[in-house]
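Here's the letter readout for the chains.
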Amino acid sequence: MKTRHIPLIIIALIGMSIQVMGQGIILPRPCPEPRPHCPRPLEVPTQPLKVKSIRLTTTIREQAAVTHVEQVFENDTPFVIEGVYFFPLPDQVSITEFAMWDGDKRLVGEARPREEARRIYDQIVRSRRDPALLEYAGKNLFQAAVFPIAPHSEKKIELTYSQVLDAEQGTVAWRYPLGTGWRANGWIPGPPRPIPMQGSHIRPQPPAGARVRISGEIRVFSKTPIKGIYSPSHDMAIDRKGEQEARVTFETGASSSPRDVQLFYTLSKADFGVSLLSHREPGRDGYFMLLVSPNAGLDRSSTSAKDVIFVLDTSGSMADAGKIDKAKAALRFGVNALDERDRFNLVSFAGEEHLLADRLLSGNEKGKKDALEFINKLRATGGTNINDALLGALRQLQSTGESDGRPRMIVFLTDGQPTVGETQAAKILANAREANKTGIRVFSFGVGYDVNTLLLDSMASENRGAAGYIEPNEDIEIKVSNFFSKVNHPVLSDIKLDWKGVEPELVYPRVLPDIFHGSQLLLVGRYKTGHKAGLTLIGRVNGRERRFNYADLSFAEGRTENEFLPHLWAMRRVGFLLEQIRLNGESKELKDEIVELGTRFGIVTPYTSYLVLEPGMRDSISRRDVPQGVVNVQAAPMAMETVDVAGRSAVMSSKRKAALQTADKVTVDLPAGSSESSIRRIGSKTFYLRNGAWIDSEFKAEDKLPQVTLKFGSDEYFDLIGKEPGLADFFSLGEKLTLVWKGKAYLVQND
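Scope of this entry: the structure provided in the associated data block.

What counts as what
Residues numbered from 1 in each chain as written. Predicted model: local features only at pLDDT ≥ 70, side-chain atom pairs only at ≥ 80, totals over all residues. Heavy atoms only, no water. Helix = DSSP H or I, 4+ residues; strand = E, 2+ residues; numbered from the N terminus. Buried < 20%, exposed > 50% of the residue type's maximum accessible area, 1.4 Å probe, protein only. Contact = heavy atoms within 4.5 Å. Areas by Shrake-Rupley, 256 points an atom, 1.4 Å probe, with all protein chains shown as cover. Pairing = 2+ DSSP bridges. Salt bridge = Lys/Arg side-chain N within 4 Å of Asp/Glu carboxyl O. Axes fitted to C-alpha atoms, helices over the stretch in contact; angles between N-to-C directions. Lys, Arg positive; Asp, Glu negative; His and termini not counted. Polar contact = N/O pair within 3.5 Å; in protein donor to acceptor, adjacent residues only side chain to side chain.

**Considering the overall build of the protein chain**
- What the protein chain contains, in helices and strands, is 12 helices and 39 strands.
- Burial status across the protein chain gives 54% buried among its 751 residues.
- Within the protein chain, contacts between residues at least 6 apart in sequence are counted, and of these 76% link residues at least 24 apart.
- By element, 50% of the accessible surface of the protein chain is carried by carbon and sulfur atoms, the whole surface being about 31,700 Å².

**Focus on the sheet that holds strand 16 (residues 261-267)**
- Read from one edge to the other, the open sheet built from four strands follows the order 10-11-16-13, with strand pairing classed as antiparallel. Each edge of the sheet is formed by a strand with only one pairing partner; in this case those strands are strand 10 (167-168) and strand 13 (226-230).
- Pairing of strand 11 (residues 171-176) with strand 16, which is carried by six bridges, proceeds in the antiparallel orientation. Across the sheet, the residue bridging to Ala173 is Phe264, located in strand 16.

**A closer look at the pattern of salt bridges**
- A complete count under the given rule lists 45 salt bridges for this structure.
- Glu557 is paired through a salt bridge with Arg280; the nearest N and O atoms lie 2.4 Å apart. Here the residue Glu557 occupies a position in the loop between strand 31 (544-554) and helix 8 (564-584), and Arg280 occupies one in strand 17 (residues 272-280), the gap between them amounting to 277 residues.
- Exposure remark for Glu557: the relative accessible area of 44% places this residue in the partly exposed category.
- Among the residues examined, Arg280 registers a relative accessible area of 8% and is labelled buried.
- Here Asp370 and Lys366 are joined by a salt bridge, their closest N and O atoms 3.0 Å apart. With Asp370 and Lys366 both in helix 3 (residues 365-376) and four residues apart, the pair spans about one turn of that helix.
- Owing to a relative accessible area of 26%, Asp370 belongs among the partly exposed residues under this scheme.
- In this structure Lys366 comes out as exposed when scored by relative accessible area, which is 57%.

**Regarding the sheet that holds strand 29 (residues 521-527)**
- Reading across the sheet, the four strands line up as 17-18-29-27 and stay open at both edges, with antiparallel pairing between neighbours. Each edge of the open sheet is held by one strand with a lone partner, namely strand 17 and strand 27 (505-508). Strand-to-strand twist in this sheet, taken as the mean axis angle between neighbours without regard to direction, amounts to 15 degrees.
- Bridge analysis of strand 17 against strand 18 (residues 286-294) gives nine bridges, and the strand direction is antiparallel. Counted as the bridge partner of Phe272 is Pro294 from strand 18.

**Considering the side chain of Glu579**
- Position of Glu579 relative to the elements: it lies in helix 8.
- Although Glu579 is buried, it makes no salt bridge; Lys657 carries the closest opposite charge, 4.5 Å away.
- A distance of 2.9 Å separates a polar atom in the side chain of Glu579 from a polar atom in the side chain of Gln661.
- Apart from residues lying up to four places away in sequence, Glu579 is in contact with Ser461, Lys657 and Gln661.

**Regarding the side chain of Ser215**
- Within the secondary structure layout, Ser215 lies in strand 12 (residues 213-221).
- Judged by relative accessible area, Ser215 falls into the buried class, the value being 5%.
- For Ser215, the side chain forms a polar contact with the side chain of Arg55, separated by 3.2 Å.
- In this structure, Ser215 is in contact with Ile54, Arg55, Leu56, Phe250 and Glu251, ignoring residues within four places of it in sequence.

Here it is in structure tokens:
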């Protein structure tokens, strides 16, 4: 096949500061000149070419980032076609290479005038009247003509660009908006889009469940030690090589709603690096996230020795499905992982408790040998005496005193409800409060569904620990062993924060947990006004109180680039409110706030249900039931949290609540009965599809905001996007839209 250079066209929109990149898109177009095998204009597909795979490779050295993108597109038509490739770019980015593959030949491109690129894009958007293409409006664009694209073939595009990343308050941010372009590609289901050109070879929408391979690798090199590494968007594997190098990888099959890839990392020479991210829209409360990360290179002398008692339920039910054998294996792992400076004991309980020793043992070789012999002899028989086992462990740890300042914890594992001794959950909790006067941590694990979740949750929350649940299809050994690995090396305990110059509110978690080696503390909260602040971090290291001071932390005023923070805060706030209802009972105020937050941010809760109107259902529901332009939210008649104490539903509710309380990523979580075709999130906003129109969850008719009505595709419509580029992402939802933006309500209509 004859090869040729690819004409490249790079454009930059004057006066716009765009801080993000995006996914490339290929739009088929009629061949501009006679070429063999080109389709007739009416047969040219109007949808962008389908994306098959995306691979990102980024290297960051002292904040200079070089990113290489490989995209593979599919032409599933019977024609050789020409396409126009668009790729959104931020300011101050240098394209170092662009190439495409024609069979086994790699073709490198050349530049063309940017004015031509702007004209081509505007023509495509206006002629196709496809709102999904607006995702690229208002952004700097790299544009190239791509030919030939053979029938029923793949086309690989490569793009390499470099940029200098911003570092604010010692935190470096890298972002790749993987979500850009997915609506245009038709991978997010929704209302049918108009087809401006009638042809017999229009590419169909991807089938349900179709997936795209998306993978990425980010390598970070820095002379300044790298502390915390955090992504609010994706689960990433972090491989550290000392303090100055890290490799971060992720891989995901794109569902219908890919999310932008975000990565933050903290640079600091301090023992504990602190990173502050904030977000505040004008006239609203601000939201912040504080990340405290210990030195990755801490040696053993910098971690605290600990006292721990392992408490294992050996009642008869533990013999079922081999639970006792898996629990014993988990205990062996926990014992073998102890440091020789640690002290520990083992307690087994059924009808009565049995201790390995009447005192704490050293974590040396002899202590471990005795413990392993004790574990090997454990058998499952008898009832479940939770009260006496818990009190026995608390009394032994209390007897050690607080003179050495060691973190002290109980790891409590049971598969049943109290059946021997004190069986009333309220009384067991009261006894534990009376016995625990010195801040001993209790970590509880429930095995299976026949556990009292209210008791285990309360044991943990009232004693500065956490509750976990192991479902029948999960492995006890793996889950408990992972926990032991996490808490094995405390580096800072009894943590307190002393803020200066700012008064954060509604900060979560409410009780600050200890920081362990290899982990980090993540807090989210709100604030009223943005300004400089100071922070003193107080905690114990090896029994001695230490103070770490951080000056000139900046809470943003009118900056909105960290749009994930309001949603992350709302998730944790809802988790906290659900816990209050679970422990203290339901009240109207708590329920109303959960409904408001769940609706605004699209968070699934037991108190909200979203009415999804399917085709053909509208005739049976009156306009009074579902007012035009109003999101319909209904309170559930009775929350699951307030009824179920044991059973599968209780366990799942507890796990859901815990996931919200500890959320560190903004997840796509849809209500039962809903789908991606009825709810969307863009930035910090949530939209619901009602009667064919997308409604901003913040829109309330009673607010009587000034309204701006626009006809989709009109000159006024495009002029407004030119003046307010931030509207483009929202307008890309569809031809009918209600949006609250900067104190106004924008109503986009298609008739």
